[in-house]
Amino acid sequence: MKDKRIRVALAGNPNVGKTTIFNAITGARQHVGNWPGVTVERKSGRKVHKGIAIEVVDLPGTYSLTAYSLDEVIARDYIVDERPDVVVHIVDATNLERNLYLTTQLMELGAKVVIALNMSDLADARGDVIDLKRMEEFLEIPVIKTVGSKEFGIDELLDEVLREAEKGEHHEHEIGYGGEVEEEINELENILGDDEELSKRYPLRWLSVKLLEGDKEVQKKLEGSQVEDRIKKILDKMDKEKYETAMVDKRYEAINAVLPQVCSRCVEKVTASDLIDRVLTNKYLGIPIFLALMWGAFELTFTFATPFMDFIDFSFAWLAGFVSENLEPAWLASLIGDGIIGGVGFVLIFIPNIFILFLMLSLLEDSGYLARAAFIMDRLMYKIGLHGKSFIPMLMGFGCNVPAIMATRSIEDKNDRLITILINPFMSCGARLPVYVLLAGAFFGKEAGTVVFSMYVLGMVVAILSAKLFRTTLLKGKPAPFIMELPPYRLPTLKTGIIHMWERGSMYLKKAGTVILLGAIIVWLLASLPWGVEYGAEKSIAGMIGHVLEPLVAPLGFDWKIAVALLFGFLAKEIVVGSMGVLYGAGEDETALTESLQNDPNIYPLNSLGLMAFTLIYMPCLATVGVIRKETGSWKWTLFAIVYGIGLAWLISFMIFRVGGVLGYG
Amino acid sequence: MVKKEAGKIVFGLIAGTIYVVFGLIQVVVGLGYGSGWTKAIFVPSDIAGGLILVLIGMVFLYGVKELNAGINEGVAYIYVGILLALGFTAIYLLIMGADALEAYAIRSEDFEDWAPLDDMKPGIYLGLLPFAALLAWRHKFSLKGLSRAGV
Amino acid sequence: MCKVMPLIMVPEGKECRISDIHGGRGLTRHLTEMGFTYHAPVKVLRSEKGSLIVAVNGCKYALSKGIAMKIMVGEC
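Residues numbered from 1 in each chain as written. Chains lettered and ligands numbered in written order. Predicted model: local features only at pLDDT ≥ 70, side-chain atom pairs only at ≥ 80, totals over all residues.

**Remarks on the overall build of chain B**
Turning to step 1, where the next piece is worked out: Along the backbone of chain B there are seven helices and zero strands.
Turning to step 2, where the next piece is worked out: The principal-axis extent of the C-alpha atoms belonging to chain B is close to 55 × 35 × 20 Å.
Turning to step 3, where the next piece is worked out: When the 151 residues of chain B are sorted by exposure, 34% land in the buried category.
Turning to step 4, where the next piece is worked out: Nonlocal contacts in chain B, meaning residues at least 24 apart in sequence, comprise 66% of its contacts between residues at least 6 apart. (Helix = DSSP H or I, 4+ residues; strand = E, 2+ residues; numbered from the N terminus. Buried ≥ 20, exposed ≤ 12 C-beta atoms within 10 Å, placed from the backbone. Contact = placed C-beta atoms within 7 Å.)

And the structure:
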């Protein structure tokens, strides 16, 4: 055992401070990946405690281990199939009853469980008295008090984990379901016992209980087994609906028998959270307060980021200048100066922007406010055929659509989720901002701010109308009823806020380092080949491609240069600006690009407005397409998102160009 | 109990009225009717900012209305109003800090003539009022208060 | 003792006990697991044209009309 790693899984309800415990245990040694086959985030980390290596896996937060949502299936499969040495169940000390429900399920799974009684400071402050000794006796599970946010009790928890892992066999915990149910369980157990393969892999009692509850995922596990038919026959005879809730009730009964002996005064009174909710979900003030907070968040995002953006801008301009003056041969200087620094540099300028926005959203989320925002917006969302839960991903879309689309997985209903995914790319992400800033700055002077803002509004309008359209045509029906926990308000800490911000924002950085870098090099190559042509001239390959595409976009008032820029924008929308820099022969320097744009007769206010709208709406960037494919699991819908986006972008740009032309703005 | 909340009612009434009045002035200035005296009290031309001030004032006044009606939970509006007001003061101060960086560290051309008072606005100096209240009632705002029962 | 009615009809601020959930299989179990058990007291904190905030079992939940219609309560 000594040389072996111990594998520990963290399980628990949502909002019990699982992540803070995880951070407290593993510190910086974390790895974020995906669960096999799905894009639900899988976080794991390492820790050496008392000379023994521990690998910790953070399971998704769930209320139980049935198969209600993807999260539950993942958590359960990990415990059943991977058999971690110890499962640490993180329990919210202020809400034992519901939390212990999961404990009963973990016990039935035959896992070795250690309970971390988290947020015990809050329970103490509230005047609850929890008798740990009795709790351990009744549950036959070790219980450790922790306060994740203060990193209190973590060492004791790990001590207990090691002790538990060293233990040999542990005895099975059982919950008696009484009379008739027990008979059925026994019968099923006996039959299942005939399949040796199954008996080796799963606790038979657990399998039987789940089969009685009508669990589809467990039924799948039986497929191909010799006992499948016999089990089916028994199950078909029964009224499963009756068992389903009866068994849940039994588990609660077991908990409620224990609870009064373990905890005294564990009842909630009016809390500060209730008081705050009184204001923030107020009938009249709720929506204005929400709008004000959003306005504040955006104002801070755009103004506070400016000096940092300028700083990055200056650094890259200096670097580009340094490279082109000092590097030999000339083509290498051009590749690095014009291509890479020009292309990637411009994108990196917007990092402060995106990170600050994500930091704000993280702080709002950690404080518990975003869940209220979902409630406040529910009524409005219902009108466009969605519900409150779709709102948070849409908000996140303003930062980057990739984490935003991943966030839709909290939506249970398939159609609701699909619509939320499909409209998300219309929320104007941070990557499109450079395009607006450049064009609006070049052509709209003092009105630039208004024009940029109107692009964000246009994106929202397109998203809303599209949702409505999908609801009335392709995915008919009403939004599924939703239920969502409102966690108590907590003071968000800068540390967890920054960790969250980094998790989401780093996707943008990765993109800059990979897709955009590659895109920048390709653009540079196409603009420089064949050898000897003037960089970015009409005779280059880029120019030739542009001329082939030009007829397609000519009705929108775009020339070949814009066609090329838009083509490369498929990789990432920021590249639109980078490639314009290349094609207009300005490189990285923003002012030079602005000037050459203003001097080019083929681009002027009206079609630049159309170009902004086109960039906003046309197909999602490569990374977003990838995540849509993964999350919908369907090429059909991915293709639909692309075609719909391009078609709509063309239509809207066309309308802007034509209507504007008629009105005399040409 | 009634005596104890009297302080909150008076504070809510004063702070609420002042925020609403300054907010309305800022909206009017934003609509283009600014003049010498509005400049003297640092009211910028910013409609959205003005509406936010009005909203903060309304939160205070709503609290006063409930407390007056004998609903003790109305103090929640006073507390949240204080936090909201200070939140926006913090945002404006951060923006001022960012502009200072721009002017003194980056030495950007657009900020050549910038002076700290350019960013002064009611949203900042009115914040002194709720800040004083925060200090006076600070034990109510401790982390424990977030979880502890009762008012 | 008052009659059984859907949760959505309970006025703000009132507390009732859950008597039944007509949820279909998955939903009923999910709700029960979240703490909406038989006879559990449920308090309506906000009720706004279909969207509710309720407190059950020490936790607060936001729920939509669709669910609030399926949860039956009595004994206000």
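**Comments concerning helix H3 (residues 96-108) of chain A**
Residue and element names in this part refer to chain A.
Turning to step 1, where the next piece is worked out: When the terminal C-alpha atoms of H3 are compared, their 18 Å separation across 13 residues agrees well with the 18 Å that a helix rising 1.5 Å per residue should span.
Turning to step 2, where the next piece is worked out: Of all 13 residues making up H3, 11 are buried, and the element is well covered by its neighbours.
Turning to step 3, where the next piece is worked out: Taken together, the buried positions of H3 are Leu96, Arg98, Asn99, Leu100, Tyr101, Leu102, Thr103, Thr104, Gln105, Leu106 and Met107.
Turning to step 4, where the next piece is worked out: Two residues or fewer past H3, Gly110 is found with a positive phi of approximately 75°. (Expected span 1.5 Å × (residues − 1).)

**What about the packing of helix H4 (residues 75-106) of chain B against helix H6 (residues 128-136) of chain B?**
All names here are of chain B.
Turning to step 1, where the next piece is worked out: Relative orientation of the contacting elements H4 and H6 amounts to 130°, with a least axis distance of 9 Å. As the angle between them shows, H4 and H6 are arranged oblique. The chirality of how H4 crosses H6 is left-handed. Residues Ile82, Ala85 and Leu86 of H4 form the contact with H6, whose own contacting residues are Pro130, Phe131, Ala133 and Leu134.
Turning to step 2, where the next piece is worked out: Residue composition of the contact of H4 with H6, grouped by class: seven nonpolar, no polar and no charged. (Axes fitted to C-alpha atoms, helices over the stretch in contact; angles between N-to-C directions. Parallel < 35°, antiparallel > 145°, perpendicular 65-115°, else oblique. Left-handed = near helix turned anticlockwise from the far one by under 90°. Nonpolar A, V, L, I, M, F, W, Y, C, P; charged D, E, K, R; others polar.)

**A word on the environment of Val625 of chain A**
Turning to step 1, where the next piece is worked out: Note on placement: Val625 of chain A falls in helix H30 (residues 622-632).
Turning to step 2, where the next piece is worked out: The residues contacting Val625 of chain A, other than those within four sequence positions of it, are Pro620, Thr638 and Ile642 of chain A.

**Some thoughts on the interface of chain C and chain A**
Turning to step 1, where the next piece is worked out: Listed as interface residues are 28 residues of chain C and, on the opposing side, 32 residues of chain A.
Turning to step 2, where the next piece is worked out: Broken down by secondary-structure element, the contributors of at least two residues to the side of chain C that touches chain A are helix H1 (25-34), strand S3 (41-48), strand S4 (51-56), strand S5 (59-63) and helix H2 (65-68) of chain C.
Turning to step 3, where the next piece is worked out: Examined bridge by bridge, strand S10 (residues 483-486) of chain A and S5 of chain C share four bridges and lie antiparallel to one another. Bridge pairing links Ile483 of chain A to Leu63 of chain C in S5 of chain C. (Pairing = 2+ DSSP bridges.)

**Overview of the sheet that holds S4 of chain C**
Turning to step 1, where the next piece is worked out: An order of S10(A)-S5(C)-S4(C)-S3(C)-S2(C)-S6(C)-S1(C) is seen for the seven strands of this open sheet, with the pairing classed as antiparallel. Looking at the sheet topology across the chains shown, the edges are occupied by S10 of chain A together with strand S1 (5-6) of chain C.
Turning to step 2, where the next piece is worked out: Note: strand S2 (residues 15-21) of chain C against strand S6 (residues 71-74) of chain C, four bridges, orientation antiparallel. For Asp20 of chain C, the partnering residue across the bridge sits in S6 of chain C and is Met72 of chain C.

**Some words on the packing of helix H13 (residues 272-280) of chain A against H4 of chain B**
Turning to step 1, where the next piece is worked out: Where H13 of chain A contacts H4 of chain B, the two axes come as close as 9 Å, and the packing angle between them is 80°. Judged on the interaxial angle alone, H4 of chain B and H13 of chain A are roughly perpendicular. Taken together, the residues of H4 of chain B that come into contact with H13 of chain A (itself represented by Leu275, Ile276, Arg278, Val279 and Leu280 of chain A) are Ala76, Tyr77 and Val80 of chain B.
Turning to step 2, where the next piece is worked out: Residue composition of the contact of H13 of chain A with H4 of chain B, by class: seven nonpolar, no polar and one charged.

**Let's talk about the nonpolar core**
Turning to step 1, where the next piece is worked out: Ranked by size, the top nonpolar core spans 250 residues in total, and within it Leu10, Val88 and Ala116 of chain A together with Val59 of chain B carry the most contacts.
Turning to step 2, where the next piece is worked out: With near-sequence residues (within four places) excluded, Val88 of chain A lies in contact with Val8, Leu10, Val114, Ala116, Leu157 and Val161 of chain A. (Core = buried A, V, L, I, M, F, W, Y, C linked by C-beta atoms within 7 Å.)

**A word on helix H6 (residues 154-166) of chain A**
Residues and elements named next belong to chain A.
Turning to step 1, where the next piece is worked out: The end-to-end C-alpha separation of H6 is 19 Å, in line with the 18 Å expected for 13 residues at 1.5 Å each.
Turning to step 2, where the next piece is worked out: Taken residue by residue, H6 has Leu157, Leu158, Val161 and Glu164 as its buried positions. Summarising the axial view, the buried residues of H6 lie within an arc of 125°, below the 170-degree limit, and thus occupy one face. Exposed side chains of H6 directed beyond 90 degrees from the buried face belong to Arg163 and Glu166. (Arc of directions from axis to C-beta.)

**Overview of the interface of chain B and chain A**
Turning to step 1, where the next piece is worked out: On the side of chain A, 30 residues touch chain B, which itself brings 29 residues to the contact.
Turning to step 2, where the next piece is worked out: Looking at the side of chain B that touches chain A, the elements that each hand over two or more residues are helix H3 (47-68), H4 and helix H7 (143-147) of chain B.
Turning to step 3, where the next piece is worked out: Residues that form the side of chain B that touches chain A fall into these classes: 20 nonpolar, five polar and four charged.

**Some details on the domain arrangement of chain A**
Residues and elements named next belong to chain A.
Turning to step 1, where the next piece is worked out: Along its sequence, chain A is carved into domain 1 (6-166), domain 2 (179-238) and domain 3 (290-476 + 495-662).
Turning to step 2, where the next piece is worked out: Placing the centre of domain 1 and that of domain 2 at their C-alpha centroids yields a distance of 28 Å.
Turning to step 3, where the next piece is worked out: Its residues assigned to classes, the side of domain 1 that touches domain 2 comprises four nonpolar, two polar and one charged. (Domains from an automatic or database assignment.)

**Notes on unusual backbone geometry**
Turning to step 1, where the next piece is worked out: Backbone geometry at Glu140 of chain A places phi at a positive 55°, although glycine is not the residue there.
Turning to step 2, where the next piece is worked out: Turning to its location among the elements, Glu140 of chain A is positioned in the loop between helix H5 (132-139) and strand S8 (143-145).
Turning to step 3, where the next piece is worked out: A tally of 11 C-beta atoms within 10 Å means that Glu140 of chain A is categorised as exposed.
Turning to step 4, where the next piece is worked out: In this model, Phe42 of chain B sits at a positive phi of 60°, which is unusual for a non-glycine residue.
Turning to step 5, where the next piece is worked out: Checked against the element boundaries, Phe42 of chain B lands in the loop between helix H2 (36-40) and H3.

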